[in-house]
Every structure is written in C-alpha cells, then in structure tokens.
Amino acid sequence: MTLLVRWTVRIFLLAAATVFFLSLLAAASLLALVWGARALWAKLTGRPVTPWVMGVNPGAAWSSVYRARTASWPGQGAAAESSEEAPRHRGGILRGNQEIVDVQPREIREH
C-alpha cells in the first residue's frame, strides 16, 4: 500500500510541475509574441522601437521614507509643532528672515 501511495504522490508532483512549467512557458511565449508584434508594427509604421520600462521613480520612494523618518527624529518635535505657524520652503522651515540652509556655496575654480 505504501508503494502505491508513494508512486501516486510522485506522479501527482510530476504532473503539477509539468503544468507549472508549461504555464510559465506559455506566458513567456505570449509576452515574446506581443513584444515582437509591437516591434514589427513600429518598424512598419516608421516609428522607433521603444523599450518597455517600468514607471518606477526612486525619488518618490526616497521622499516618502524621508518624510516619514523626519517626523520621528529626535529634535523634530519643536519643528513639527512650529510648522503650522512657520511657512515651509524646500523642505526646510523659514523662521523670521533666516532660511535653514544645509549647503555652503563655493566659487568655481578654473584649472
């Protein structure tokens, strides 16, 4: 009886792996077919073949993380409380006539 169960499980796993492999192969083939048809259509109409790109903006992810972290940094409590009355400028807070600047400009030297 155990031999029959072992062979049944093996056959079932082999069938499942075959179905999984064939579905991945079909999806990749369909993607290649669509990409080839798109490239062929671009060539026939005289347009450049543009690559498919993902619209990911790393700057957006960085700014969302940065905004989340600045609220929890030590020493930011007073700045966060006073942000309602102080106007914001480029991510910093304007206090009176002073602007918070984290960069010191230098003159460009020519070689």
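Scroll up to find the structure this text is about.
Everything numeric in this text was worked out from a predicted model, so none of it was measured.

Participant: How do you make sense of the overall build of the protein chain when you look at a structure like this?
Facilitator: Scanning the protein chain for helices and strands turns up three helices and three strands. Its helices and strands in sequence order give the protein chain the pattern α-α-α-β-β-β, from N to C terminus. Evaluated residue by residue, the protein chain yields a buried proportion of 7% over its 111 residues. By element, 66% of the accessible surface of the protein chain is carried by carbon and sulfur atoms, the whole surface being about 10,700 Å².

Participant: Would you mind going over the packing of aromatic side chains with me for this structure?
Facilitator: When we look at a pair of aromatic rings, we describe it by the centre distance and by the angle of the planes. Throughout the structure, instances matching the rule amount to zero aromatic pairs. Over the aromatic face of Trp7 sits the side chain of Arg10, whose NZ or CZ is 5.2 Å from the ring centroid.

Participant: Mind showing me how you'd approach helix α1 (residues 2-45) here?
Facilitator: Because the α-helix completes a turn every 3.6 residues, residues three or four places apart line up on one side. Helix length check: α1, at 44 residues, gives a terminal C-alpha distance of 64 Å against a target of 64 Å (1.5 Å per residue), a fit within 8%. Following α1 by one or two positions, Gly46 adopts a phi angle in the positive range, close to 80°.

Participant: Just checking my understanding: could you explain a nonpolar patch on the surface for this structure?
Facilitator: A surface patch of nonpolar side chains, about 710 Å² in accessible area, is lined by Leu30, Leu31, Leu33, Val34, Trp35, Val49 and Trp52. Looking at the secondary structure, you find Val49 in the loop between α1 and α2 (58-72). Val49 sits in the partly exposed class, given a relative accessible area of 36%.

How each quantity is defined
Residues numbered from 1 in each chain as written. Predicted model: local features only at pLDDT ≥ 70, side-chain atom pairs only at ≥ 80, totals over all residues. Heavy atoms only, no water. Helix = DSSP H or I, 4+ residues; strand = E, 2+ residues; numbered from the N terminus. Buried < 20%, exposed > 50% of the residue type's maximum accessible area, 1.4 Å probe, protein only. Areas by Shrake-Rupley, 256 points an atom, 1.4 Å probe, with all protein chains shown as cover. Phe/Tyr/Trp six-rings, centres within 6.5 Å; stacked < 30°, edge-to-face > 60°. Lys NZ or Arg CZ within 6 Å of the ring centre and 35° of its normal. Expected span 1.5 Å × (residues − 1). Patch = residues over 30% accessible without salt bridge, like charges linked within 9 Å, V, L, I, M, F, W, Y side chains within 5 Å. Salt bridge = Lys/Arg side-chain N within 4 Å of Asp/Glu carboxyl O.

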